[in-house]
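Examining the three-dimensional arrangement
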Amino acid sequence: MIDAKHERKTRKFKESDYYDLKKDGQYFLLPFRFHRITPEKEIIVNEVGDFLILPTGTCERIVKRQIDKKTDSELYGDLIANYFISEEIIPPLIDVLATRYRTKKLFLNHFTGLHIFVISLRCEHTCHYCQVSRVTQNRDKYDMPIDYIDKGIEIMFKSPNPHVTMEFQGGEALLAFDNIKHAVEKAESIAKEIGKGLTKVICTNLAIVTEEILEYCKEHEILISTSLDGPKFIHDSNRHKPHASSYELTIKGIELARKILGHDRVSALMTTTKLSLDYPVEIVDEYFNMGFQGIFLRNISPYGFALRTEKSRYDTEKFLTFYKKALDRILEYNFQGHYFTEDLARIFLIKMLSPFNVGFVDLQSPAGLINGVIVFNYDGGVYATDESRMLAEQKDFTFKLGTLDDSYNELFFGKKAQEIAEVWANESLAGCSECAFQPYCGADPVHNHATQGDMYGYRPNSDFCQKNMEIIRYLIELMESDKKIKNIFQGWARTVNH
Amino acid sequence: MSFHNRIEGNEIIVFADTSLYSKDSIFKCLYWYGDKYHANVSFVDSNTYKISLKPMSDNLISAEQAEKLLQKLERDLLDFNLRDIVTKETKNIRDLLIAKAFSNGEFDELPPGELSDPVGFNVNEIKND
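Residues numbered from 1 in each chain as written. Chains lettered and ligands numbered in written order. Predicted model: local features only at pLDDT ≥ 70, side-chain atom pairs only at ≥ 80, totals over all residues. Heavy atoms only, no water.

What follows deals with the overall build of chain B. Along chain B, the regular secondary structure elements total three helices and four strands. Starting at the N terminus and walking to the C terminus, you meet the elements of chain B as β-β-α-β-β-α-α. Partitioning the contacts of chain B with sequence separation of at least 6, the portion at a separation of at least 24 is 59%. (Helix = DSSP H or I, 4+ residues; strand = E, 2+ residues; numbered from the N terminus. Contact = heavy atoms within 4.5 Å.)

Our focus in this paragraph is the sheet that holds strand β4 (residues 51-55) of chain A. Residue and element names in this part refer to chain A. Taken in spatial order, the three strands make up an open sheet running β2-β3-β4, and their pairing is antiparallel. The sheet is open, and its two edges are formed by β2 (32-36) and β4, each paired on a single side. In this sheet, neighbouring strand axes are inclined to one another by 25 degrees on average, regardless of whether the strands run parallel or antiparallel. Where β2 lies against strand β3 (residues 41-46), five bridges are found, and the strand directions are antiparallel. Opposite H35, over in β3, you have I43 as the bridge partner. (Pairing = 2+ DSSP bridges. Axes fitted to C-alpha atoms, helices over the stretch in contact; angles between N-to-C directions.)

For the rest of this paragraph, the subject is the nonpolar core. Formed by 129 residues in total, the largest nonpolar core has its most connected members in A:F168, A:I202 and A:F489. Ranked by residue count, the leading element in this core is helix α13 (residues 316-335) of chain A, at nine residues. Looking at which domains feed residues into this core, each of domain 1 (20-104) and domain 2 (108-418) of chain A supplies at least three. Once residues lying within four places of it in the same chain are set aside, the contact partners of A:I202 are A:F168, A:A173, A:L174, A:F177, A:I180, A:C217, A:I222, A:L223, A:I224 and A:S225. Counting 19 residues, the second largest nonpolar core, distinct from the first, contains B:A16, B:Y33, B:I61 and B:A66. (Core = buried A, V, L, I, M, F, W, Y, C linked by side-chain atoms within 4.5 Å. Buried < 20%, exposed > 50% of the residue type's maximum accessible area, 1.4 Å probe, protein only. Domains from an automatic or database assignment.)

Looking now at the confidence of the model for chain B. If pLDDT is low for a region, its predicted coordinates should not be looked at in detail. With 88% of its residues at a pLDDT of 70 or more, chain B has an overall mean of 88. The lowest-confidence element of chain B is strand β1 (residues 6-8) of chain B, averaging 91 in pLDDT; the highest-confidence one is helix α1 (residues 23-31) of chain B, averaging 97. (pLDDT = per-residue confidence, 0-100.)

Another point: the pattern of salt bridges. Residue and element names in this part refer to chain A. Inspection of the entire model under this criterion finds 34 salt bridges over all chains. One salt bridge in this structure joins D72 and R61, with 3.0 Å as the shortest N-O distance. Taken together, the positions of D72 in the loop between α3 (58-63) and α4 (73-81) and R61 in helix α3 put the pair 11 residues apart, joining distant regions of the chain. Within this structure, K324, E470, R473 and E477 form a network of salt bridges that share partners. (Salt bridge = Lys/Arg side-chain N within 4 Å of Asp/Glu carboxyl O.)

Attention now moves to a negative patch on the surface. Residue and element names in this part refer to chain A. Together, E185, E211, E215 and E219 line one region of the surface with negative charge. The element best represented in the negative patch is helix α9 (residues 211-219), accounting for three residues. The topology assignment puts E219 in helix α9. By relative accessible area, which is 63% here, E219 ends up exposed. (Patch = residues over 30% accessible without salt bridge, like charges linked within 9 Å, V, L, I, M, F, W, Y side chains within 5 Å. Areas by Shrake-Rupley, 256 points an atom, 1.4 Å probe, with all protein chains shown as cover. Lys, Arg positive; Asp, Glu negative; His and termini not counted. Charge placed at Lys NZ, Arg CZ, Asp CG, Glu CD.)

Accessible area lost on assembly of the parts is the figure often given for the size of an interface. All names here are of chain A. Here the domain parsing of chain A yields domain 1 (20-104) and domain 2 (108-418). Taking the mean C-alpha position of each, domain 1 and domain 2 sit 41 Å from one another. Domain 1 puts four residues into the contact, and the matching count from domain 2 is eight residues. Both sides of the domain 1 and domain 2 interface together cover about 510 Å² of buried area, and 49% of this is carbon and sulfur. Three residues, F51, T103 and K104, lead the burial of domain 1 against domain 2; their summed loss comes to 80% of the area buried on that side. At the junction of domain 1 and domain 2, the tally comes to zero salt bridges. (Buried area = accessible area lost by both parts, 1.4 Å probe.)

For the rest of this paragraph, the subject is helix α14 (residues 343-353) of chain A. Residues and elements named next belong to chain A. Burial analysis of α14 places nine of its 11 residues in the buried class, which makes it a mostly covered element. For α14, the set of buried residues is L344, A345, R346, I347, F348, L349, I350, K351 and M352. Its side-chain oxygen at 3.2 Å from the backbone nitrogen of L344, E342 defines the N-terminal cap of α14. (Polar contact = N/O pair within 3.5 Å; in protein donor to acceptor, adjacent residues only side chain to side chain.)

As a further point, take helix α7 (residues 146-156) of chain A. Since the α-helix advances by 3.6 residues per turn, residues separated by three or four positions end up pointing in the same direction. Within the sequence span of α7(A), burial applies to A:Y148, A:I149, A:D150, A:G152, A:I153, A:I155 and A:M156. On the buried face of α7(A), the contacting elements are β6 (114-118), β7 (163-169), α8 (177-194), β8 (197-203), β14 (373-376) and α16 (408-413) of chain A.

Right, dumping it as structure tokens:
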């Protein structure tokens, strides 16, 4: 028999009264924001992205100190446990909350990781939405010269990040494969010498890929990122290749690359065009049938040639309808037991449902430009993001940080970088500063500039704001409406790459 | 003197007590109307703000829409005032939280209370090797 004294000694927790700091039920507010998600429900979100869905009017009751410790004991407990209120002016576990905040901003720890080398502007495709490419044989004018490649590599290894990624883009990057080989081998030898991690990626439409190229990629552990816009009739319409089917070449290329490099070494990205908007199910099915584990439903960027043609112009509302239909289809696959994700949703869900964050250029604050990514253009120009160099093709050099002849400090900490830094945190932007979805969203000065004419942006008619707000709201609505969907989303959020 | 919120032709007029509504909350609220409406804030007397919204010329509204807009503005003013209360009341704790988060632990304190060891782990004798 266990005597009472002994039983008490082995208890791990004291009586609940012991933890009751305030018997009178007075409480202090902690920082949080709220948003009405439906007429009946509102969401409150704290500084680290934890959220509670509550009946409309609850926020007002919290602020007016009308939550009673005894009669609303469950809600009161949730508010305390999730750091929305505290019984002491400084919550006893503030250091835990601070650690969680630091974890959410972990992407700032190492500074620039992704270094994009625009190895050539030449391309053999004539995609109607392409922002930058040129169909030409003029290597001298449109390929990145070796000395710029070397300077780019030198700058890349000055990054304090212990693991850097070099990504080759085009035009069609494989048209300058000899230069890629030079860059890879040079970067590998420096990485080995100084003990830095190095990931290499080639972005290619795979039209001109050969076994020989892929064998080289295998030997040097290079990842392949390609473009697949959906079924043949969509892909070929979007991605025009004179005298050939781009779709057939891409599919053949993906299969060959998977055979040589391995299934998981090949990824694909799609771009939504006006034509795509009518075929959400077909596009998702294409990715599923091709054996991908997910799809990133990206809307077309408002840059370069993309906006010049009526064919590419569509409004955010239409994209959101498309997005929701596609997400429904993706969820159907998940209900059938397949793991198949939508990657934009996954980014938001990781922020909402996990202790971590995702470093994604326009969905982080401070924004990922310069902090996370930098672009070395074929002509030696250094740009804040991939979209920035696309603006430059229209003679808009707002986000040109300098050239590869400049020093690291001039590029990364110069006047232009400082100017951008003024507007790269959504915590300090009008319209964002008190938005409940702020911890899930980000700042995109380049998009603001391209669509609204200034880096600061204007939230009431921003398509960036409209799109992200609605997708986040919709994800919450889905989770609230169906427990099965919540479980699926929790599964997506658990696969964090950090 | 009392002021009633109303619709006058194509204009929405709302009054707010200066002791209940902060100036910041009113401007933060009206920010969201600026793309479609001319927004104006003035004092009727020292205790009352007069807030008005007028559609931009190419954006005329029906009586039904005006009623909905009035309702939305009234609700948004309340919401932004609540947000403003939370922001101001929690400013110091938010600053402290972020300062602690980025101090890399150098200002961390031990949690309050005594460290007891009822199951006999002898935590003080655990070596971190």
